[in-house]
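Chain by chain, the residues run as shown.
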Amino acid sequence: MLVTLGAALVALICVVASGRRLVWAVAPAGLDSRLLSEALGGDGGAAMWRSLRRELARHGGFRWERELFAAFDEPEGPARDALVNEQLLEFEARAERWLRVPRVCASIGTSTGLLFGSIALLQGLAVPAGDAANEALQAALASALGSVSLGIAATSFCVAAHVRAGRTARRARAGVDALVERLRCVSDTDPCRT
């Protein structure tokens, strides 16, 4: 029983850690960059940019977005490019936070499930022969199967979280690229024609 509980605890920790990575991949910044890019599109993009910039400056949260918009307040040139690149690096760091955790947790989940399953079987085989040995072996087998099942379930979740986080992070990067291009267009004196 304690062996299965140990396997469940490790599986839970792996699932929570992988879930946290998925959360950070889904929302590396406070606002959706694609929606911001779409909001800045069209003829009213410059007015919307000023409005968003003003609201972000007034709001206490959304630090990354506020600093990105502030970077475009700088006149065109190397200073603005450096500030924008700094924000892009910051976004990349946010998007890649705990990047390897789901893969490591998948390995840990499988390994600990098998380890605890083996321990349960060894405990069942350690009972001397007799009627009690048969019951102990059945209980050990049930505990071993439970431990291995928990490890496999945790591994499955971790792998799914890793795949989903990777796809989501790629979409978020594409959204940020579109947002930066849109901000370049609406903040320049000669706006882009799209």
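Residues numbered from 1 in each chain as written. Predicted model: local features only at pLDDT ≥ 70, side-chain atom pairs only at ≥ 80, totals over all residues. Heavy atoms only, no water.

**Quick notes on the nonpolar core**
By size, the foremost hydrophobic cluster in this structure holds 20 residues, and its most contacted members are Leu 40, Trp 49, Leu 68, Phe 69, Phe 72, Phe 91 and Leu 183. Contributing elements (two or more residues each) for this core: α3 (45-58), α4 (63-71), α5 (78-95) and α7 (131-187). (Core = buried A, V, L, I, M, F, W, Y, C linked by side-chain atoms within 4.5 Å. Buried < 20%, exposed > 50% of the residue type's maximum accessible area, 1.4 Å probe, protein only. Helix = DSSP H or I, 4+ residues; strand = E, 2+ residues; numbered from the N terminus.)

**What to know about helix α1 (residues 2-26)**
A rise of 1.5 Å per residue sets the reference length of α1, with its 25 residues, at 36 Å; its end C-alpha atoms lie 36 Å apart and thus fit the reference within 8%. Regarding α1, the residues found buried are Val 3, Gly 6, Ala 7, Ala 11, Cys 14, Ala 17, Ser 18, Gly 19, Arg 21, Trp 24 and Ala 25. Residues of α1 that are buried make contact with α5, α6 (101-125) and α7. (Expected span 1.5 Å × (residues − 1). Contact = heavy atoms within 4.5 Å.)

**Describing the pattern of salt bridges**
Tallied over the full model, the rule gives eight salt bridges. Salt-bridge contacts for Arg 94 lead to Glu 90; the nearest nitrogen and oxygen are separated by 3.2 Å. Here the residue Arg 94 and the residue Glu 90 both occupy positions in helix α5, the gap between them amounting to four residues, near one helical turn. Taking relative accessible area as the criterion, Glu 90 reaches 27% and is therefore assigned partly exposed. Between Arg 173 and Glu 96 there is a salt bridge, with its nearest N and O atoms 3.6 Å apart. A residue pair is termed long-range when its members are at least 10 positions apart, and Arg 173 in helix α7 and Glu 96 in the loop between α5 and α6 qualify at 77 residues. On the accessibility criterion, Glu 96 (36% relative accessible area) is partly exposed. Through salt bridges that share partners, Arg 63, Glu 67, Glu 90 and Arg 94 make up one connected network. (Salt bridge = Lys/Arg side-chain N within 4 Å of Asp/Glu carboxyl O.)

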